Amino acid sequence: MTITSEVSKTGPYTGNASTTVFAYSFKVNDQAHLVVTLKTISTGAEVIKSISTHYSVSGVGDEGGGNVTMSVAPSVGETLTISRSVSKSQ
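Note that the structure is predicted; figures quoted are calculated from it, not measured.

**Q** Help me understand the overall build of the protein chain, please; the structure alone is not making it clear to me.
**A** Helix and strand counts for the protein chain stand at zero helices and seven strands. Mapped from its N terminus to its C terminus, the protein chain presents α and β elements in the order β-β-β-β-β-β-β. In the protein chain, which comprises 90 residues, the share counted as buried stands at 30%. Across the protein chain, the fraction of contacts at a sequence separation of at least 24, relative to all contacts at a separation of at least 6, is 70%.

See below:
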C-alpha cells in the first residue's frame, strides 16, 4: 500500500509534566511503524519508548494522522518526537 505523505516526523514537543496527548500528521498503516523518542535536553540522551508500555496510538490508517497518548507526561527538560519508520521494499 502506498503512503502518500512525504512528512514522516512530528515534533519535537516540549514536555511540561502534564500534557500526555501528542498529534502526528502523517499516515501510518500499522501502529508499530511509529517511533516515539524522548530526549533529555540537558544531556542529549534519547530513549525510544515502547508501544503499550509507554504509549498508545490512535488514527492508524487515517490520511491526516492521529495521536500518541503517553502513559506518563514528558517532564520539563524533555522533548518528544514522533516519526515513521517503515521497512523499504521494492
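**Q** What is the right way to look at the pattern of salt bridges in this model?
**A** Two side chains carrying opposite charge are able to pair once their charged atoms lie near each other. Overall, the coordinates contain one salt bridge when judged by the stated rule. Between K27 and E63 there is a salt bridge, with its nearest N and O atoms 3.3 Å apart. Of this pair, K27 sits in the loop between β2 (21-24) and β3 (34-40) while E63 sits in the loop between β5 (55-58) and β6 (66-70), placing them 36 residues apart in sequence. Exposure remark for E63: the relative accessible area of 47% places this residue in the partly exposed category.

About the criteria used
- Every chain begins its residue count from 1, and numbering advances along the sequence as written.
- Side-chain atom pairs in this predicted model are given and counted only at pLDDT of 80 or more, local residue features only at pLDDT of at least 70, and totals for whole chains, interfaces and linings cover all residues.
- Side-chain measures here rest on the full set of heavy atoms in the structure, leaving out hydrogens and waters.
- Only DSSP runs of H or I covering at least 4 residues are called helices, and only runs of E covering at least 2 are called strands; the numbering of each starts at the N terminus.
- Only protein chains enter the accessibility calculation, which uses a 1.4 Å probe; a residue whose area is less than 20% of its type maximum is buried, one above 50% is exposed, and one in between is partly exposed.
- For this analysis, residues touch if any pair of their heavy atoms sits within 4.5 Å.
- What counts as a salt bridge is simple: a side-chain nitrogen of Lys or Arg found within 4 Å of a carboxyl oxygen of Asp or Glu.

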